[in-house]
Amino acid sequence: MTESVAVRFERVTLKRGHRTILSDASVDFRQGSVTAVLGPSGAGKSTLLFAIAGELAPSAGRLQVLDEAMPQPSVRSLFALRRKMGVLLQGNGLLTDLTAFENVALPLRTHTNLPEPILRELVWMKLNAVGLGEAGDLLPQELSGGMARRVALARALVLDPPLMLYDEPLTGLDPIACGVILDLIRRLNDTLGLTSIVVTHHVLETLPHADRAVVIANQGIAFDGTPAELTRTADPLLRQFLDGEPDGPIGFDYRHQSKAVAHA
Amino acid sequence: MRESIQSIGQIGLFLVRILLSLRFSREQLADIARQIYSVGARSLPIIAVGGLFVGLVISLQGYRALETIGAGSALGTAVGIPLYRELGPVLAAILFCGRAGSSIAAELGLMRATDQIMALSMMAIDPVGKVVAPRFVAGVISVPLLTAVFCAFAIFGAYLQAVWVLHIDSGFFWGSLRSSVDLVQDFGQCFTKAAFFGVVSSLLAVHVGFHSEPTIEGTSVATTQAVVQGSLMVLFLDFLLTALLY
């Protein structure tokens, strides 16, 4: 693997049960970039992300993450690799019995032996980085959707991982909160030198903040290029997705989708 | 039949996974202490009230039966033996399943439904060690202690009924109780059973909660299973232990 690639899919097939989600897909995610992974609902965007995180083993092909092959041979080695990843889940996954501060402190308390004053300093730094320096004492149920997402982001970043995975970071947020989260993703990526993979179906909001765009549809990689190239495309499948047209190669109902996939 | 054997095997493997995840680090001990408060200390009111009423009832029923043969003063014996051998450990464990087992299963089910368990795994934190093991250990420690509280309140209830309502001499009541209750046969049986019931009811609660479907319905099913399966297993195990050990 070249130095500039953080994640590489090489003719990878991903299945959930008997259902094929991705077939023979090849794509690289370059180090230091923000890549938007786009596609219609159910196309397999989150499945791709779970494969990178080691939750789903490829049925065929080679998947390399931070120079290591997936799946990992043991839970121990998988967890060692996951310490180099930050994952922001769609549902945030904040522990409801812990305050925002303790949620962010949890990975540090588990994986490091830092003295308490240094640990506290690090947690406050991360909370300040996401604009929530004053909200450390609040419980997750006392936070708004956008605030909870930012706490989860601070927690995902607290171990300074080189690779960040975002699963639908904008779902359920108002346009202002969407802008704040996307600005944060871009700023943190650039200032901390991360590689960010953002799985989303919020095309218009995400593309201006991304270096690259990957579109998943019909069990494969339908597009891999820059956001500018994507917006200029004349491909009917991509145009239907970008313009939100009800009719086209991407079916709306499940049976239609299955047929489209079968004919692809 | 094959499915039953398979699920027993899965529960056994889950127990091994829990035991291997025990580190007794400062963090984990703090989690265990919090859970002992949550599943043990907060179950005290229902256990105490339950024990009190059971004591009141067995004292009344025992007296009616003994009085027909003129042996009302031996009420302490009629209360002590069934209480320590059967009623104390069994009813305390069943009440534990209803109060704490259901709450453990619901908590774990909701944690799965709201991505909290997935988030722990993504942070390279073993969810079994972080959220399952503390609840299991807390249950194993709490059930024998709750059984002791249940028995104490039952004896107190029986004493109130016998001395204040049925006017049995207090000395006769305590004398017959002390002379008939044996340390090994009765106390030993009570706490051996309580220890087994603690392991089984806690294990079932964490197993069904942790493996529930990540939906509201899945959480609801897990909560019901924790109570129903836990209570039935307590009754089955009670028969098995009584037949094999005593």
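Residues numbered from 1 in each chain as written. Chains lettered and ligands numbered in written order. Predicted model: local features only at pLDDT ≥ 70, side-chain atom pairs only at ≥ 80, totals over all residues.

### Thoughts on the interface of chain B and chain A
And step 1. At the interface, 10 residues of chain B touch 15 residues of chain A.
And step 2. Of the residues contributing to the side of chain B that touches chain A, the split by class is 6 nonpolar, 2 polar and 2 charged. (Contact = placed C-beta atoms within 7 Å. Nonpolar A, V, L, I, M, F, W, Y, C, P; charged D, E, K, R; others polar.)

### A look at the sheet that holds strand 10 (residues 220-225) of chain A
All names here are of chain A.
And step 1. Spatially, 6-7-8-3-9-10 is the arrangement adopted by the 6 strands of the open sheet, whose pairing is mixed. The open sheet has two free edges, formed respectively by strand 6 (85-88) and strand 10, since each of these has just one partner strand. Taking each pair of neighbouring strands and ignoring which way they run, the sheet shows an average axis angle of 15°.
And step 2. Where strand 6 meets strand 7 (residues 163-167), 4 bridges bridge the pair, whose relative direction is parallel. (Pairing = 2+ DSSP bridges. Helix = DSSP H or I, 4+ residues; strand = E, 2+ residues; numbered from the N terminus. Axes fitted to C-alpha atoms, helices over the stretch in contact; angles between N-to-C directions.)

### What about the pairing of strand 7 of chain A?
Residues and elements named next belong to chain A.
And step 1. The buried fraction of strand 7 amounts to 5 of the 5 residues, a majority that puts the element mostly inside the structure.
And step 2. Of the two faces of strand 7, the one carrying Leu-163, Leu-165 and Asp-167 and the one carrying Met-164 and Tyr-166 are both buried.
And step 3. As defined by bridge partners, strand 7 adjoins strand 8 (residues 195-199) across 5 bridges and the pair is classed as parallel. Across the sheet, the residue bridging to Leu-165 is Ile-197, located in strand 8.
And step 4. Handedness of the strand 7-helix 6 (residues 175-192)-strand 8 crossover: right-handed. (Buried ≥ 20, exposed ≤ 12 C-beta atoms within 10 Å, placed from the backbone. Right-handed = clockwise from strand over helix to strand, strands pointing away.)

### Details of the nonpolar core
And step 1. Counting residues in each nonpolar core, the largest one holds 144 residues, and the members touching the most others are Leu165(A), Ile197(A), Ala92(B) and Ala93(B).
And step 2. A total of 20 residues in this core trace back to one element, the largest contributor, which is helix 4 (residues 75-113) of chain B.
And step 3. Aside from chain neighbours lying at most four places away, what touches Ala93(B) is Val143(B), Ala194(B), Phe197(B), Ser201(B) and Val234(B). (Core = buried A, V, L, I, M, F, W, Y, C linked by C-beta atoms within 7 Å.)

### Quick look at the environment of Ser179(B)
And step 1. Structurally, Ser179(B) can be placed in helix 7 (residues 170-180).
And step 2. Between the C-alpha atom of Ser179(B) and that of Gly80(B), which follows or precedes it by 99 residues, the distance is 10.0 Å.

### As for unusual backbone geometry
Residues and elements named next belong to chain A.
And step 1. Cis rather than trans, the peptide bond between Met-70 and Pro-71 has omega equal to 0°.
And step 2. On the secondary structure map, Pro-71 appears in the loop between strand 5 (68-70) and helix 2 (75-82).
And step 3. Positive phi is not limited to glycine here, since Gln-219 has a value of about 65°.
And step 4. Structurally, Gln-219 is set in the loop between strand 9 (212-217) and strand 10.
And step 5. Using a count of 21 C-beta atoms within 10 Å as the deciding quantity, one classes Gln-219 as buried.

### Details of the pairing of strand 3 (residues 34-38) of chain A
Residue and element names in this part refer to chain A.
And step 1. Burial of strand 3 is extensive: 5 of the 5 residues sit out of reach of the surface.
And step 2. The two faces of strand 3 match: Val-34, Ala-36 and Leu-38 on one face and Thr-35 and Val-37 on the other face are all buried.
And step 3. Two strands pair when backbone bridges link them, and strand 3 and strand 8 are joined in this way by 4 bridges, in the parallel orientation. Within strand 8, the residue paired with Val-34 across the bridge is Ser-196.
And step 4. Both strand 3 and strand 9 contribute to a ladder of 4 bridges, which runs parallel.

### Section: the confidence of the model for chain B
Residues and elements named next belong to chain B.
And step 1. Here chain B shows a mean pLDDT of 94. Residues at 70 or above account for 100%.
And step 2. The lowest-confidence element of chain B is helix 7, averaging 92 in pLDDT; the highest-confidence one is helix 6 (residues 127-165), averaging 96.
And step 3. In the predicted complex, the global pTM is 0.87; the interface-specific ipTM is 0.86. (pLDDT = per-residue confidence, 0-100.)

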